[in-house]
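Per-entry structural report
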Amino acid sequence: MTSFRRWFLAALVASAVTAEPVQIPGLQLPNSAASHQIAVKDIFLTSYQAYQDYAWGHDDLLPVSETFFDGRNGWGASIADAMSTMWIMGLTDSFTEAVDHIAQTDFTVSQTPDTVSLFETTIRYVGGLLSAYELSGRNYPVLVEKAQDLADQMAYAWVDENQSIPYGYINFTDHQPTIDTSNIAEAGSLTLEWSRLSEYTGNSTYQELVEKSVQFMIQMPAPLPGMPAQGIDPTTGDSVGGYVTWGGGSDSYFEYLIKYARLTNTDDNSYADAWSTAVDTSMKTLLRTSTVDNWLYLADYDDTQQIRHVGSHLACFYGGNWILGGKLLNNATIVNLGLQLTDACWNTYASTATGIGPETFAYMSIDGSYAGDTAPDQEQDAFYAEHGFYITGSDYFLRPEVLESNFYAWRVTGDTKYLDNAANAISSFQKYLPTTIAYTGIWDVNNVTSDKIDDMESFWFAEVLKYLYLTFDDPERYSLDDYVFNTECHPFKAPPAKDSYGSGPGPHYVPSQTFSPENPNKAPLPAISPIPALLQLLL
């Protein structure tokens, strides 16, 4: 653990005094960038044309069976999620058509019998509509009106003024929440979107509701300093279990702490301080290197206080998040660790037969290889010996996180290896993801003849193709010094950066109460990043 201690001490010494620009000045693209950007746009156009032909107005295209699925309440999630990408790509006709659809859609009533996810509806619909409103010069006020319709209904997730943590799902018909457990990502990843809604409506209630939730989580007792447990009970406000992770169920809570500080330039240092404390704790407790090739990962910390040597595609956002936050805190150690985390996540792509990364993986470190109840089999051991990780979930659901961190790494370093990574991903997508009409995920990234997954999630448009497109775009057009991206890759215009973020050298851990969570067996935690169309397939 000597190396981790050295990293941590160096980080404290280098802690923020003043923020510095996120992007490397004078970043230039090679001549080859244009052809890669065109290839990404072609993938978008092919995918969206198929959506228009087979699924228009519905949430997802099912590109194998050539039909549709409504897993996000039937309002046209793919349209709302694609709009900011359309604008960035210059697809003004498609954008105008999308605005017309949004204007004609009643968002106060679910078009399906399903309850409404507070988190998913916020990041995809509310975030997508408000970002599209901004990008298009604020010329379509109906986009704000429809976002407000959604937020007004979702505000019932807080059943009374004394409740800090919202419930995760709402019935739009009777305004009753589903009384169930939640997680810190669902409850703590609303601040970017709802604060921007307050700005455009003049109604501060939206911002106050979501700030109250995050402030509660910042202050609550935690199993590790600055790192709340993944599960939370909105009824009591208590943690459910003590599982700590940068992966699904916790991920965007940590992501939004530093992004909210940057987007709002708030004078409340608690957001940036909470993020830096979580990073300090992670450097001391969760950082692990593989015994093969020294890849750097962030481990999980489970309910029994054991380190789990596991990773996931979802968690691979952390490289980009540490790069961004490290730049805002002027902390080179955090930036460098973020780059190493990004490189390790890219290795999960570079190591498979298709050149596409798996949903979940595990590894071995000097302190062991515990990854839960199942030990690696002989095939996994052999794969680990060659690549420094082994696959535990072989599917690819069109997730963006590895490409997201790769985008940040390129913009911050100017190292063209990150352009090569993105170009290789485009080639792999072109080769292994096409169906007869569009693109889709695959069940086994280590099998070049893998069966296809029959679902094209809306984040294919919002995140994967936007991150790839922007990787090869003029860096000054949507600069990381001018925009903050929500967790669905919808950009919001940010004010000029402050001189500094946070209170300076930390950690800044506040809670003094003993961590005493509810028993996780009392009630199951919500599924992590569920994909409704796939759940339907498994029934």
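Fair warning: this is a prediction, and the values are worked out from it, not measured in the lab.

Take the overall build of the protein next. From N to C terminus, the protein includes 18 helices and 16 strands. For a compact globule of 539 residues, the expected C-alpha radius of gyration is about 24 Å, and the protein comes in at 22 Å, within 12% of that figure. Projected onto its principal axes, the C-alpha coordinates of the protein cover approximately 60 × 55 × 50 Å. Counting the 539 residues in the protein, one finds 63% classified as buried. A separation threshold of at least 6 residues defines the contact pool for the protein, and within that pool the share at least 24 residues apart is 75%. Of the roughly 19,200 Å² of accessible surface on the protein, 48% is carried by carbon and sulfur atoms. With 25 positive and 66 negative side-chain charges, the protein shows a spacing of 7 Å between the two charge centroids.

Attention now moves to helix 5 (residues 118–135). Between its first and last C-alpha atoms helix 5 spans 24 Å; for 18 residues at 1.5 Å apiece the expected length is 26 Å, and the two agree. Gly127 marks where helix 5 bends most, by close to 30°. Among the 18 residues that make up helix 5, 18 are buried, leaving the element largely enclosed by the rest of the structure. Once helix 5 finishes, Gly137 follows within two positions and takes phi at roughly 80°, a positive value.

Tracing the chain through its elements places Tyr51 in helix 2 (residues 33–55). Put simply, Tyr51 and Glu457 are 406 residues apart on the chain and 11 Å apart in space, counted from C-alpha to C-alpha.

This next bit is on the state of the cysteines. The bond known as a disulfide is covalent and runs between the sulfur atoms of two cysteines. Summed over the entire model, instances satisfying the criterion amount to 1 disulfide. Paired by a disulfide, Cys316 and Cys345 hold their sulfur atoms 2.0 Å apart. Across the S-S bond linking Cys316 and Cys345, the dihedral sits near -85°, which makes this disulfide left-handed. Remark: Cys345 occurs in helix 13 (residues 332–350) and Cys316 occurs in the loop between strand 12 (310–312) and helix 12 (318–328); sequence separation between them is 29 residues. As far as the burial class goes, Cys316 and Cys345 line up, both buried. A disulfide-free cysteine, Cys489 has its sulfur positioned 16 Å from the sulfur of Cys316, the nearest such atom. Relative accessible area serves as the criterion here: at 0%, Cys489 is assigned to the buried category.

At a closest axis distance of 11 Å, the pairing of helix 11 (residues 270–285) and helix 12 adopts a crossing angle of 120°. It follows that helix 11 is oblique to helix 12 by the angle criterion. For the pair helix 11 and helix 12, the crossing hand works out as left-handed. Taken together, the residues of helix 12 that come into contact with helix 11 (itself represented by Trp275, Val279, Ser282 and Met283) are Asn321, Trp322, Gly325 and Gly326. Counted by class, the contact of helix 11 with helix 12 contains 4 nonpolar, 4 polar and no charged residues.

Let us now look at the sheet that holds strand 5 (residues 182–183). Pairing between the strands of a sheet is mediated by backbone hydrogen bonds and can be parallel or antiparallel. A sheet is described by the order of its strands in space; here 3 strands give the open sequence 5-6-7, paired in antiparallel fashion. The open sheet has two edge strands, strand 5 and strand 7 (239–240), and neither has a second partner. Bridge analysis of strand 6 (residues 231–232) against strand 7 gives 2 bridges, and the strand direction is antiparallel. From the neighbouring strand, Gly231 faces strand 7, where its bridge partner is Val240.

Peptide bonds are trans in most cases, and residues, glycine excluded, mostly fall at negative phi. One non-glycine residue, Asn73, lies in the positive phi region at around 75°. Looking at Asn73, the relative accessible area reads 4%, which means it is buried. With a phi angle near 55°, Asn330 is a residue other than glycine that sits in the positive phi range. In this structure, Asn330 sits in the loop between helix 12 and helix 13.

It is worth spelling out the pattern of salt bridges at this point. Oppositely charged side chains are able to pair whenever their charged atoms sit close together. Enumeration over the complete set of coordinates arrives at 12 salt bridges. Overlapping salt bridges, with partners in common, bring together Arg72, Glu120, Arg124, Glu457 and Glu488 in one network.

On to the side chain of Glu120, then. Within the fold, Glu120 resides in helix 5. Classification of Glu120 as buried rests on a relative accessible area of 8%. A polar atom in the side chain of Glu120 sits 2.9 Å from the side chain of Arg124. In this structure Glu120 touches Arg72 and Tyr125, once residues within four positions along its chain are discounted.

Attention shifts here to the packing of aromatic side chains. The full count for this structure, using the stated rule, is 33 aromatic pairs. Relative to Phe254, the ring of Tyr253 has its centre 5.2 Å away and its plane inclined at 65°; by these criteria the two rings are edge-to-face. Grouping residues by exposure puts Tyr253 and Phe254 together as buried. A centroid spacing of 6.3 Å and a plane angle of 40° characterise the contact between Tyr467 and Phe485, whose relative ring orientation is tilted. In this pair, Tyr467 sits in helix 17 (residues 459–471) while Phe485 sits in strand 15 (residues 483–485), placing the two residues 18 residues apart along the sequence. Accessibility classification places Tyr467 together with Phe485 in one group, the buried group.

Rules and cut-offs
Residues numbered from 1 in each chain as written. Predicted model: local features only at pLDDT ≥ 70, side-chain atom pairs only at ≥ 80, totals over all residues. Heavy atoms only, no water. Helix = DSSP H or I, 4+ residues; strand = E, 2+ residues; numbered from the N terminus. Rg over C-alpha atoms; globule rule 2.2 N^0.38 Å. Buried < 20%, exposed > 50% of the residue type's maximum accessible area, 1.4 Å probe, protein only. Contact = heavy atoms within 4.5 Å. Areas by Shrake-Rupley, 256 points an atom, 1.4 Å probe, with all protein chains shown as cover. Lys, Arg positive; Asp, Glu negative; His and termini not counted. Charge placed at Lys NZ, Arg CZ, Asp CG, Glu CD. Expected span 1.5 Å × (residues − 1). Bend = angle between axes of the 7 residues up to and from the residue. Disulfide = S-S within 2.5 Å. Axes fitted to C-alpha atoms, helices over the stretch in contact; angles between N-to-C directions. Parallel < 35°, antiparallel > 145°, perpendicular 65-115°, else oblique. Left-handed = near helix turned anticlockwise from the far one by under 90°. Nonpolar A, V, L, I, M, F, W, Y, C, P; charged D, E, K, R; others polar. Pairing = 2+ DSSP bridges. Salt bridge = Lys/Arg side-chain N within 4 Å of Asp/Glu carboxyl O. Polar contact = N/O pair within 3.5 Å; in protein donor to acceptor, adjacent residues only side chain to side chain. Phe/Tyr/Trp six-rings, centres within 6.5 Å; stacked < 30°, edge-to-face > 60°.

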